[in-house]
Amino acid sequence: AFFFVFRGAPRRVSESAADWVVAFLGTAAPLLLFPGGTTIWSGGDLIVILGSVMQIGGLLSLNRSFAVVPAQRVIKTGGLYRYVRHPMYTSYLLLFAGYFLMNMSPYNALVICMAIGLMFLRIELEERYLLADEQYRAYHATVRFRLIPYIY
């Protein structure tokens, strides 16, 4: 919340309604998850902890460049952003996986599939917007993977 409130002023912010809707829905979708169901593996909490640590690392790497909607701010290339272009979304995948392992239900499966689908759409829209910036294009060419090093 601190980084969001005290984030740096953007040079420009997306005015696309699609960017705003997808960002809002992608951010809100995990709030629909419901505890309960079957526990497949009680060690899912370890995956949640790993995802939380990675999320904190991503936020610290972003510092005051955190945004919900695509915006042109200072391009961050250090910290976790040296390895993948979207470590925050990688942390979301870990959080979803850990949560699902502890709260498996058809409902949660549907919500997680929706959230992941929105996340992939969000990545596409964000990158399309950011690739207009020369610095981001250089970063994009240097850091080849979006979420998982050597895979995607």
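Let me sum up the structure you'll find in this document. Every value quoted in this text rests on a predicted model; they were computed, and no experiment measured them.

A few words on a nonpolar patch on the surface. Together, I40, W41, L46, I49, V53 and M104 make up an exposed nonpolar region whose accessible area comes to about 590 Å². Considering the arrangement of structural elements, one finds I49 in helix α3 (residues 44–62).

Turning our attention to the environment of S91. Structurally, the position occupied by S91 is in helix α4 (residues 87–102). Taking relative accessible area as the criterion, S91 reaches 0% and is therefore assigned buried. Through-space distance from the C-alpha of S91 to that of K76 is 17 Å; in sequence the pair is 15 residues apart. Residue contacts for S91: discarding those within four places in its chain leaves G51, M54 and Q55.

Turning our eyes to something else, we now look at the layout of surface pockets. By volume, the largest pocket is sized at about 820 Å³. The wall of the largest pocket is formed by 33 residues, among which F66, A67, M88, Y89 and E126 lie closest to the centre. When contributions to the lining of the largest pocket are tallied by element, the ones reaching two or more residues are α2 (17–28), α3, α4, α5 (106–130) and α6 (134–142). Class assignment of the residues belonging to the lining of the largest pocket gives a composition of 23 nonpolar, five polar and five charged.

Along the chain, V21 falls in helix α2. Put simply, V21 and Y81 are 60 residues apart on the chain and 25 Å apart in space, counted from C-alpha to C-alpha.

Any space left empty among the atoms is revealed by the rolling of a water-sized probe across them. Counted according to the given criterion, the structure contains one cavity of 30 Å³ or more. Reported here for the largest cavity is a volume of approximately 40 Å³. D19, V22, A23, V68, P70, R122, L125 and E126 together form the lining of the largest cavity. Elements supplying a minimum of two residues to the lining of the largest cavity: α2 and α5. Here the lining of the largest cavity is built from residues that sort into five nonpolar, no polar and three charged.

One pass over the full model with this rule turns up four aromatic pairs. Aromatic side chains F145 and Y150 sit 5.6 Å apart centroid to centroid with 50° between the ring planes, which places their arrangement in the tilted category. On the accessibility criterion, Y150 (75% relative accessible area) is exposed. The ring centre of Y129 lies 4.1 Å from the NZ or CZ of R12, which sits over that ring.

This next bit is on the pattern of salt bridges. Summed over the entire model, instances satisfying the criterion amount to five salt bridges. Close ionic contact of R122 with E126 constitutes a salt bridge, the shortest N to O distance being 3.7 Å. Of this pair, R122 and E126 both sit in helix α5, separated by four residues, roughly a single helical turn. Residue class for R122 comes out buried when judged on its relative accessible area of 8%. Judged by relative accessible area, E126 falls into the buried class, the value being 12%. Here the salt bridges share partners, and the residues they tie into one network are R85, E124, E127 and R146.

Rules behind the numbers
Residues numbered from 1 in each chain as written. Predicted model: local features only at pLDDT ≥ 70, side-chain atom pairs only at ≥ 80, totals over all residues. Heavy atoms only, no water. Patch = residues over 30% accessible without salt bridge, like charges linked within 9 Å, V, L, I, M, F, W, Y side chains within 5 Å. Areas by Shrake-Rupley, 256 points an atom, 1.4 Å probe, with all protein chains shown as cover. Salt bridge = Lys/Arg side-chain N within 4 Å of Asp/Glu carboxyl O. Helix = DSSP H or I, 4+ residues; strand = E, 2+ residues; numbered from the N terminus. Buried < 20%, exposed > 50% of the residue type's maximum accessible area, 1.4 Å probe, protein only. Contact = heavy atoms within 4.5 Å. 1 Å grid on protein atoms, 1.4 Å probe; cavity = no way out; pocket = protein on both sides within 12 Å on 5 of 7 lines; lining within 4 Å. Points joined across faces, edges and corners; volume = space filled by probe spheres on them. Nonpolar A, V, L, I, M, F, W, Y, C, P; charged D, E, K, R; others polar. Phe/Tyr/Trp six-rings, centres within 6.5 Å; stacked < 30°, edge-to-face > 60°. Lys NZ or Arg CZ within 6 Å of the ring centre and 35° of its normal.

Shape is all these values report; function is a separate question.
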